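A structural walkthrough
Next come the chains, spelled out residue by residue.
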Amino acid sequence: MKRRVLVLLGVVLCSIASAVAQNYDKDKVGNYPLPDPLTFANGKKVKSKKDWPKRREEILEIFQSEMYGRMPAAPETVVWEIIEQGTTLGGYATRHQIRMWFKADKSGPKVDWLLVTPNHIKEPAPVVLMLNYNGNQTILRDKEIDINPNWQRNDPAKDIKNNRATEFSRGLFHDPYQRSMIPASTIIAKGYAILTACYTDLSSDPSYWDKDENGEPLQGKITYNGIFELWGERDESRTDNTTALGAWAWALSRGMDMIEKMESLDHKRVLLTGSSRLAKAALVSAAFDERYACVVINQTGGGGVPLHKHYYGENVETMARYFPHWYCKAYAKYVNNEQAMPFDQHMLLACIAPRPLLIQGFDDPWYDTEGEYMAVKAASPVWKFLGRKGMPDVEWPDDYDLSAVGEYLGYYRRDNLHGIAAYDWEQMFKFADKFFFTE
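Note that the coordinates shown come from a computational prediction; the quantities given were computed from them, not determined experimentally. (Residues numbered from 1 in each chain as written. Predicted model: local features only at pLDDT ≥ 70, side-chain atom pairs only at ≥ 80, totals over all residues. Heavy atoms only, no water.)

**A short note on the environment of Ile297**
- Relative to the elements of secondary structure, Ile297 occurs in strand β7 (residues 294-298).
- With residues near it in sequence (within four places) discarded, Ile297 still touches Gly274, Ala279, Ala282, Leu283, Val305, Leu357, Leu358, Ile359 and Gln360. (Helix = DSSP H or I, 4+ residues; strand = E, 2+ residues; numbered from the N terminus. Contact = heavy atoms within 4.5 Å.)

Rendered as structure tokens:
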């Protein structure tokens, strides 16, 4: 009896392990025919440029119903006010703390934005738009910037304790010793402004391992707060509810709303970026919102750029299990069933065409950067169809090999750690500058 119990326990443990296993054997990836982004769901081909908007809307509907949930509509009202401003970065820039509401009476959910503008630029400045992880105070060391008050995951390296940021975090992402950085002084020196908000202003983001005082998972309990209050009571019977990724993507569009109204900023020169889960959010926002002039996506991992059907590293099972608040319920039906998906991530990339898009990968197998390259390659025909050059026709490049970076569409990878490193910022500006600073 005891042996039988142990055998059964072993079977259960093996089942759990296999349920969340990742494949790291390239020989087991197999063949995976991809849907053609230039073929309608009814089998008809997209014959001309004027047909593409219809196909693009069809693709976006698939992603809303099957993966990312419904993208909320733009609010009827967006109001904001500058609550504090001052000189920063040795006099080379001006800091603006801006509070945004979505009701005329300034009640309800709000988002705090940090705008940093270059003082040496007299004409409207191009803008780097992105969400940040731990609060606007991480961008600059200025004591005037409010410490973000929202729930955050504990992190001893960042002195985040009791799920709140501390004074230690001031200027954290301006520190060149960090593996991921937002080099505000360099961005300003290059003539760009920065507009950023903390993603936890929109929605809390507990991990799979975060529990409440009773040991119950926090995901879902504190996720659909913040901005979700704007969208009424959640109908849990739906399989396409708005997700956290959708909320973060929606917020980036609200940043774009503000940029369009500011005379000091050039809304036709907006560079949208982000890293990891916030790169996913930027990718989704760029696919749905065509106002961003240039998009650079850094190391999304699964559920972002890599192909699902390239079954390697992160997969639908790991994402649906560990990050259920990022995806709608319909997505879970593809667990261990990626080949049945009537879509894949190259189709999401295609929705950004023909705008400039650069994908930045790195070598951790979990993030499947070869799958990123393959997604860009599969999306490239859409850029060509719309009259722009696609990704150069090269084999998967080695680390730091930029041969796959074209004029409008590109991919590269590097080694070292996860996050936007100084090298990635250098390549980002090299890619965007040719569109934003033409003589």
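What follows picks up the thread again.
**Overview of empty space enclosed by the protein**
- One pass over the structure, following the stated rule, counts one cavity of 30 Å³ or more.
- In this structure, the largest cavity occupies an estimated 80 Å³ of space.
- Together, 16 residues line the largest cavity, and Gly302, Leu307, His308, Glu314 and Asn315 are the ones closest to its centre.
- Of the residues contributing to the lining of the largest cavity, the split by class is eight nonpolar, five polar and three charged. (1 Å grid on protein atoms, 1.4 Å probe; cavity = no way out; pocket = protein on both sides within 12 Å on 5 of 7 lines; lining within 4 Å. Points joined across faces, edges and corners; volume = space filled by probe spheres on them. Nonpolar A, V, L, I, M, F, W, Y, C, P; charged D, E, K, R; others polar.)

**Points about the packing of helix α4 (residues 244-261) against helix α5 (residues 277-288)**
- In the contact formed by α4 and α5, the axes pass within 8 Å of each other and the chain directions differ by 65°. Judged by the sense of rotation from one axis to the other, the crossing of α4 with α5 is right-handed. Taken together, the residues of α5 that come into contact with α4 (itself represented by Leu245, Trp248, Ala249, Leu252 and Ser253) are Arg277, Leu278, Lys280, Ala281, Ala282, Val284 and Ser285.
- Along the lines of polarity and charge, the residues of the contact of α4 with α5 split into eight nonpolar, two polar and two charged. (Axes fitted to C-alpha atoms, helices over the stretch in contact; angles between N-to-C directions. Left-handed = near helix turned anticlockwise from the far one by under 90°.)

**Describing the packing of helix α2 (residues 52-68) against α5**
- Between α2 and α5, the shortest axis-to-axis distance is 10 Å and the interhelical angle comes to 145°. α5 is crossed by α2, and the crossing has left-handed handedness. Packed against α2, whose contacting residues are Arg56, Leu60, Gln64 and Tyr68, the element α5 presents Val284, Ala287 and Phe288 at the interface.
- Among the residues making up the contact of α2 with α5, the classes are represented as five nonpolar, one polar and one charged.

**Quick word on the packing of aromatic side chains**
- Under the defined criterion, the tally for this structure stands at 28 aromatic pairs.
- Measuring from ring centre to ring centre gives 5.1 Å for Phe63 and Phe343, while their planes differ by 70°; the resulting arrangement is edge-to-face. Of this pair, Phe63 sits in helix α2 while Phe343 sits in the loop between α6 (316-322) and α7 (345-350), and the two are 280 residues apart along the sequence. Comparing Phe63 with Phe343, the two get one shared label, buried.
- Measuring from centroid to centroid gives 5.4 Å for Trp209 and Tyr322, while their planes differ by 25°, and the two rings are stacked. With Trp209 in the loop between β5 (193-198) and α4 and Tyr322 in helix α6, the pair connects residues that are 113 residues apart, well separated along the chain.
- By relative accessible area, which is 15% here, Tyr322 ends up buried.
- Cluster of aromatic residues (ring-pair linked, three or more members): Phe63, Tyr68, Tyr208, Trp209, Tyr322, Phe323, Trp326, Tyr327, Tyr331, Tyr334 and Phe343.
- We note Arg234 situated over the ring of Tyr224; from NZ or CZ to the ring centre the distance is 3.7 Å.
- Positioned over the ring face of Trp250 is Arg254, at 4.9 Å from the centre of the ring. (Phe/Tyr/Trp six-rings, centres within 6.5 Å; stacked < 30°, edge-to-face > 60°. Buried < 20%, exposed > 50% of the residue type's maximum accessible area, 1.4 Å probe, protein only. Lys NZ or Arg CZ within 6 Å of the ring centre and 35° of its normal.)

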